[in-house]
Amino acid sequence: MTEPLLKIRGLKLEGQSDETWTQIVNGVDLDLKRGEVLGLIGESGAGKSTLGLAAMGFTRDGVRISGGTVEFDGIDLVNSRMSVKRGLLGKRIAYVAQSAAASFNPAHKLIEQHTEAPVRHHEMTKKESEEDAIRLYERLRLPNPEEIGFRYPHQVSGGQLQRAMVAMAMSCRPDLIIFDEPTTALDVTTQIEVLAAIRDIVDQFDTAAIYITHDLAVVAQMADRIKVLFRGDEVEEADTRTMLSEPREDYTKSLWAVRSFERPAKPAPATDAMPVISVQGIDAAYGTAKVLSDVSFDIHEGRTVAVVGESGSGKSTTARCITGLLPPKTGVIQLDGEDLPLDYRKRSKEQLRQIQMIYQMADTALNPRKTIGEIIGRPIEFYMGVSGREKRKRVERILEEVELPPGQYLHRLPSELSGGQKQRIGIARALAAEPKFIICDEVTSALDQLVAESILKLLARLQDERKLSYMFITHDLATVRAIADEVVVMKDGEVVEQGDKREMFRPPHHPYTDLLLSSVPEMDPDWLTRLLEERGRDNIGDASTGRAS
Amino acid sequence: MINWIWAVIVLAVLFGLAFVFRAAGAAATGNKPYFRDMPFAVAFGYVFAAAAIAGGVWLWFVPGAVFFRWAVQFFVAAAIAAFIFRLAGRKVGTEATKKAFRHMPLTASFGLLTILIYALISVFAGLLAPYGQSEVVGAVNLLPGGDVANGGDPAHPLGTDQIGRDLLSRLLYGAQNTVGIAFATTCLAFFLGGSFGFLAATIGGWFDNILSRIVDVLMAIPSLIFALLLMTIASAWAGSQQWQLTLYMIVIIAVIDSTRVFRLARAVGQNIVVMDYIEAAKLRGEGLPYLIFKEILPNATAPLLAEFGLRFCFVFLTIAALSFLGVGIQPPLADWGTMVRDLAQFINFAAFSPLAAALPLMAAGAIALLTVAVNFVVDWMLQRSSGLKE
């Protein structure tokens, strides 16, 4: 068959903002043969999700197709009737969204949602479809395939839910599936399961797929060909191996280069040096559920300690204990050798000032109703008692330090800023208190790679200039490699392994560290295949299956 | 029976027309997706709207449809007034207000204008009113219009009530009493409910539990009966002091209504309290007042404003209802609720004399107009503050 399954020619999409229409995709061509997987990559705002939806002939509210054609198996999707599209969607074209948790209806059981499409399209009866769903669950290696479908979405873990969603997309055996960042919200260890499952099932049914992601290493495992987008324009397209080994365009090269940022390691602190923060044997619990047991580590001046582990391992809880939001049951937390009161309400203003925090989601960490000037100015006013012109001057100086031109930003609201800029404001607010110690809670995981790198560089520079100490919570080992001096690996509320970064990345490891390290996707298209062979088919991601059941 | 058959026939014709309309539209525009993919309901809506407009035009020329003509005239006049008001707002004032007026929908401009007029009237009622609010000045039950042939009197353009008080004066004073009291009550209800709601959300734990249970108890009692009960007690305390009873009424209605505000403020507050910026403020060591007024309140204004618009109308109606039952604003003070009650029988004469029926409707209309205006403005503010486009 020579005619491609999906043929997009000169597709232009426009988005509406403030009653004017601006072009967000500027004439993209795309061909997809049967059984082929195309990776679409780019930063946020590159138009990749919009393009993915348009490939189904669908646009979100406030987006319209302003030119070009989309042909699916000879059917014109731009100009055909709604009823024609309805006959295709779910049956021959399916969609897997980024957040399965937000895409499943929480009020219905998984299998009921699964059977909806086949029954409506008269492909199967409800009974047949249920049996088929169980077969698909089995193929996707979901635990207890017989009964998992009869649970509600909140009763299964994130990785399982994402796989259930893939199964749902497969329910009518479509010719084309659009995957929109299906693993972005998952831990590395869980990601492996989902990636393997997707790749298997796409192979088995010879389904064509468009795989949208911003993670190059992931797309390298999944796609036969890769298309790079930048601000609505196609940068280049090539098959995966060519693209990885010899990218043509500068932009693509810059994307490839991001992963190579690594700051030189600092010398180990003197053995008798007083740590800035010392956590000694803390136990913590939410109610009766124990979440931390005997966690201890030291953080010395001017050094970064990365705390890694999957979600639920107690990383963020440790941070909450240090800040005093969750007073530990037992244990001691010392700042400069002095015991801190365990509850933040009992700490003095000075003690509070020394420990600051930068959050993962800058959107929720900045009050949307306050201007940047107010957000950064408040700690200055609160701790230093400075106000008026002097405060303004200091705010401007801090803005300069985080590389934002102060003139433009003082009176803006957070919603008028991009994700990276918001994160810089979050950093500026922490700096404004002039602390010794900053907790960075997944500060780069919500950002694009290029932006994330610039934030990491900024944090590294600030650390050198101000002798700051960081506790860096992350699940991304590339970030650890880039910025950490020491690493603490956590699992189920316990410290599994800790030590100098260089030692940590050198074998032998604790088995769990090994699992984490080996689960980080590499830019090698054969990596996943090799890994699966090494681990053996049945126990991929044995660290996480069954955890949520 | 015949009417029923007629209705079915008309509906069937409209359905047919909708089909024809959609097909014709598709044919005329060369199969544009707008017509081609138009749901049948939308086509029906177009046809139905056209039919309604045609019906309206026909109704305009029916001699008996006085109220309809009044309503249309009023509607057009209001639209024109709102338009002019908006134009004026764009020319006069500071940069900020000019900008606000530039993006203002006509409904909001109408609402603002109406509220402004109400405010002016309630402030200057004493100067504007030709007579006192309790002054018996003329014959009883004079009709509005001021036309002697129709049973009016030029000295009383809006007529007189059942004991000969001038209705225009009473309407003007009624604005002062009813609107002023309702506004004060709503503000008090929001102050109480909002503060305690946010406190409960921020502190949580036992404090939240105690407050919430108290509110549950208050909410479990039907509000009008509860208000009636308390007002009866209050009127015994107040003795003959008129202003004291009014004060009691404000407090009683405010407390009862603040339970609803509490519920909302607590729910909204709980969603905001879990945000990271609140955590950041707590860790900074900020006190409760800062947390509530500087961090939480600005983010809760949108739902609270919407509630304010609704609550104002409810309070308004509660006062009218209490007055109607005889325990609210006491005669001889003018109050729109009382006026509607006193003149309600005239509504029976609508078929014979529209002017007579207008007597109670003037006060009722004043209540309705303000309610609509407040909600227009609140909708607009909501849209502005939440950044919603549609």
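Quick caveat: nothing in here was measured; it's all calculated off a predicted structure.

With respect to the overall build of chain A
Then, in step 1: The helix and strand inventory of chain A stands at 23 helices and 20 strands.
Then, in step 2: Taken against the 2.2 N^0.38 rule, which gives 24 Å for 549 residues, the C-alpha radius of gyration of chain A at 25 Å falls within 12% of a compact globule.
Then, in step 3: Taken across its 549 residues, chain A has 55% of its residues classed as buried.
Then, in step 4: Of the contacts made within chain A by residues no fewer than 6 positions apart, 69% connect residues no fewer than 24 positions apart.
Then, in step 5: Here chain A has roughly 23,200 Å² of accessible surface; of this, 47% comes from carbon and sulfur atoms.
Then, in step 6: Here chain A carries 70 positive and 84 negative side-chain charges, and the mean point of each set is 5 Å from the other.

Brief notes about the nonpolar core
Residue and element names in this part refer to chain A.
Then, in step 1: Residues Tyr137, Phe179, Ile198, Tyr211 and Val228 are the most contacted members of the largest nonpolar core, which totals 56 residues.
Then, in step 2: Broken down by element, this core gets its largest block of residues, 8 residues, from helix α8 (residues 188-204).
Then, in step 3: Contacts of Phe179, omitting those with residues within four sequence positions, involve Val96, Val166, Ile198, Val202, Ala209, Ile210, Tyr211 and Ile212.
Then, in step 4: In terms of nonpolar packing, the next biggest core, distinct from the first, is built from 50 residues, Ile375, Leu417, Leu458 and Ile483 among them.

Overview of the confidence of the model for chain B
Then, in step 1: Summing up the model confidence of chain B, the mean pLDDT is 85 and the portion of residues at 70 or higher is 98%.
Then, in step 2: For chain B, per-element mean pLDDT is lowest for helix α2 (residues 33-36) of chain B, which scores 73, and highest for helix α8 (residues 205-220) of chain B, which scores 93.

Side note on the UniProt feature "domain: ABC transporter" (unreviewed entry) in chain A
Then, in step 1: Per the UniProt record, the feature "domain: ABC transporter" (unreviewed entry) sits at residues 6-256 and 277-517 of chain A.
Then, in step 2: Helix makes up 41% of residues 277-517 of chain A and strand 26%. Its end C-alpha atoms lie 27 Å apart.

Some points on the sheet that holds strand β3 (residues 37-41) of chain A
Residue and element names in this part refer to chain A.
Then, in step 1: Reading across from one edge, β6-β7-β8-β3-β9-β10 is the order of the 6 strands in this open sheet, with mixed pairing throughout. Looking along the sheet, the strands with just one partner apiece sit at the ends: β6 (93-96) and β10 (233-239). Taking each pair of neighbouring strands and ignoring which way they run, the sheet shows an average axis angle of 15 degrees.
Then, in step 2: The strands touched by helix α7 (residues 158-169) within the sheet are β6 and β7 (176-180), with β6 carrying the most contacts at an inclination of about 170 degrees.

What to know about the packing of helix α1 (residues 2-28) of chain B against helix α3 (residues 40-60) of chain B
Residue and element names in this part refer to chain B.
Then, in step 1: Their axes nearest at 8 Å, the elements α1 and α3 cross at an angle of 115 degrees. Regarding α1 and α3, the two cross each other, and that crossing is right-handed. Contact residues: α1 offers Leu11, Leu14, Phe15, Leu17, Ala18, Phe19, Phe21 and Arg22, while α3 offers Phe40, Ala43, Phe44, Tyr46, Val47, Phe48 and Ala51.

Observations concerning the packing of helix α15 (residues 372-384) of chain A against helix α16 (residues 388-401) of chain A
Residue and element names in this part refer to chain A.
Then, in step 1: Relative to each other, α15 and α16 sit at 120 degrees, their axes nearing to 9 Å. Once α15 is placed against α16, the crossing between them reads as right-handed. Where α15 approaches α16, its residues Ile372, Gly373, Ile376, Gly377, Ile380, Glu381 and Met384 are matched on the opposing element by Lys391, Arg394, Val395, Ile398 and Leu399.
Then, in step 2: Taken together, the residues of the contact of α15 with α16 break down into 7 nonpolar, 2 polar and 3 charged.

What about helix α5 (residues 126-139) of chain A?
All names here are of chain A.
Then, in step 1: Taking 1.5 Å per residue, 14 residues should reach 20 Å; α5 reaches 20 Å between its end C-alpha atoms and fits that length.
Then, in step 2: Among the residues of α5, those classed as buried are Ser129, Asp132, Ala133, Ile134, Leu136 and Tyr137.
Then, in step 3: If you follow the buried residues of α5, they end up packed against α4 (110-120), α6 (145-148), α7 and α8.
Then, in step 4: Arg141 lies just past α5 and shows a positive phi near 55 degrees.

Side note on the domain arrangement of chain B
Then, in step 1: Taken as a whole, chain B is organised into domain 1 (1-61) and domain 2 (167-386).
Then, in step 2: Taken over C-alpha atoms, the centre of domain 1 of chain B sits 43 Å from the centre of domain 2 of chain B.

Brief notes about the packing of aromatic side chains
Then, in step 1: All told, the structure shown has 19 aromatic pairs over all chains when counted by the stated rule.
Then, in step 2: Relative to Phe207 of chain B, the ring of Trp206 of chain B lies with its centre 6.0 Å away and its plane at 80 degrees, an arrangement referred to as edge-to-face.
Then, in step 3: Site record: aromatic cluster; members linked through ring pairs are Phe15, Phe19, Phe40, Phe44 and Phe48 of chain B.
Then, in step 4: For the cation-ring pair, Arg64 of chain A lies above Trp21 of chain A, with the distance from its terminal atom to the ring centre recorded as 3.9 Å.
Then, in step 5: A cation sits over an aromatic face here: Arg412 of chain A above Tyr409 of chain A, 4.9 Å from the ring centre.

Examining the interface of chain B and chain A
Then, in step 1: Facing the 20 residues of chain B at the interface are 25 residues of chain A.
Then, in step 2: On the chain B side of the contact with chain A, Arg36, Leu283 and Arg284 of chain B bury the most area, a combined 31% of that side's loss.
Then, in step 3: Our count for the contact surface shared by chain B and chain A stands at 3 salt bridges.
Then, in step 4: Put simply, Glu286 of chain B and Arg378 of chain A hold a salt bridge, and the shortest N to O gap is 2.6 Å.
Then, in step 5: On inspection of chain B and its partner chain A, the count reaches 11 residue pairs in polar contact (both at pLDDT 80 or more).
Then, in step 6: Contributing elements (two or more residues each) for the side of chain B that touches chain A: α11 (276-284), α12 (288-325) and α14 (354-386) of chain B.
Then, in step 7: If you tally residues by element for the side of chain B that touches chain A, the top one is α11 of chain B, at 7 residues.
Then, in step 8: By residue class, the composition of the side of chain B that touches chain A is 6 nonpolar, 4 polar and 10 charged.

Observations concerning the sheet that holds strand β12 (residues 289-299) of chain A
All names here are of chain A.
Then, in step 1: Read across the open sheet, the 4 strands follow the order β12-β11-β14-β15; overall the sheet is antiparallel. Every other strand in the sheet has two partners, leaving β12 and β15 (338-339) as the edge strands with one partner each.
Then, in step 2: By the bridge criterion, 5 bridges tie strand β11 (residues 277-286) to strand β14 (residues 330-335) in an arrangement that is antiparallel. Paired with Ser278 across the two strands is Gln334, which belongs to β14.

Side note on α8 of chain A
Residue and element names in this part refer to chain A.
Then, in step 1: An ideal rise of 1.5 Å per residue puts 24 Å on 17 residues; α8 measures up with 24 Å between its terminal C-alpha atoms.
Then, in step 2: Counting buried residues in α8 gives 15 out of 17 residues, a clear majority hidden from the surface.
Then, in step 3: In the stretch just after α8, Asp206 is the one whose phi turns positive, near 55 degrees.

Examining a nonpolar patch on the surface
Residues and elements named next belong to chain B.
Then, in step 1: Side chains of Met1, Ile2, Trp4, Ile5, Trp6, Val8, Ile9, Val10, Val13 and Leu17 sit close together on the surface and give an oily, nonpolar patch of about 1,100 Å² of accessible area.
Then, in step 2: Note that Val10 resides in helix α1.
Then, in step 3: Take Val10: its relative accessible area is 43%, and that puts it in the partly exposed class.

Re the pattern of salt bridges
Between side chains of opposite charge, a pair can form when the charged atoms approach closely.
Then, in step 1: All chains considered together, the criterion is met by 44 salt bridges over all chains.
Then, in step 2: The partner of Glu279 of chain B in a salt bridge is Arg320 of chain A, and the shortest N-O contact between them spans 3.6 Å. Here Glu279 of chain B is found in helix α11, whereas its partner Arg320 of chain A is found in helix α12 (residues 315-323) on a different chain.
Then, in step 3: A relative accessible area of 28% places Arg320 of chain A in the partly exposed class.
Then, in step 4: Close ionic contact of Lys491 of chain A with Asp492 of chain A constitutes a salt bridge, the shortest N to O distance being 3.8 Å.
Then, in step 5: Judged by its relative accessible area of 27%, Lys491 of chain A is partly exposed.
Then, in step 6: Judged by relative accessible area, Asp492 of chain A falls into the exposed class, the value being 54%.
Then, in step 7: Look at the salt bridges and you will find they share partners, linking Glu36, Arg225, Lys227, Glu234 and Glu237 of chain A into a network.

Remarks on unusual backbone geometry
All names here are of chain A.
Then, in step 1: The phi torsion at Asp294 lies on the positive side, around 50 degrees, for a residue other than glycine.
Then, in step 2: By the element assignment, Asp294 lies in strand β12.
Then, in step 3: The exposed category is assigned to Asp294, whose relative accessible area is 54%.
Then, in step 4: If you check the backbone angles, Asp492 has positive phi at about 50 degrees while not being a glycine.
Then, in step 5: Within the secondary structure, Asp492 is located in the loop between β19 (486-491) and β20 (494-500).

Reading the values: the criteria
Residues numbered from 1 in each chain as written. Chains lettered and ligands numbered in written order. Predicted model: local features only at pLDDT ≥ 70, side-chain atom pairs only at ≥ 80, totals over all residues. Heavy atoms only, no water. Helix = DSSP H or I, 4+ residues; strand = E, 2+ residues; numbered from the N terminus. Rg over C-alpha atoms; globule rule 2.2 N^0.38 Å. Buried < 20%, exposed > 50% of the residue type's maximum accessible area, 1.4 Å probe, protein only. Contact = heavy atoms within 4.5 Å. Areas by Shrake-Rupley, 256 points an atom, 1.4 Å probe, with all protein chains shown as cover. Lys, Arg positive; Asp, Glu negative; His and termini not counted. Charge placed at Lys NZ, Arg CZ, Asp CG, Glu CD. Core = buried A, V, L, I, M, F, W, Y, C linked by side-chain atoms within 4.5 Å. pLDDT = per-residue confidence, 0-100. UniProt positions renumbered as here; feature names shortened; annotations may be inferred. Pairing = 2+ DSSP bridges. Axes fitted to C-alpha atoms, helices over the stretch in contact; angles between N-to-C directions. Left-handed = near helix turned anticlockwise from the far one by under 90°. Nonpolar A, V, L, I, M, F, W, Y, C, P; charged D, E, K, R; others polar. Expected span 1.5 Å × (residues − 1). Domains from an automatic or database assignment. Phe/Tyr/Trp six-rings, centres within 6.5 Å; stacked < 30°, edge-to-face > 60°. Lys NZ or Arg CZ within 6 Å of the ring centre and 35° of its normal. Buried area = accessible area lost by both parts, 1.4 Å probe. Salt bridge = Lys/Arg side-chain N within 4 Å of Asp/Glu carboxyl O. Polar contact = N/O pair within 3.5 Å; in protein donor to acceptor, adjacent residues only side chain to side chain. Patch = residues over 30% accessible without salt bridge, like charges linked within 9 Å, V, L, I, M, F, W, Y side chains within 5 Å.

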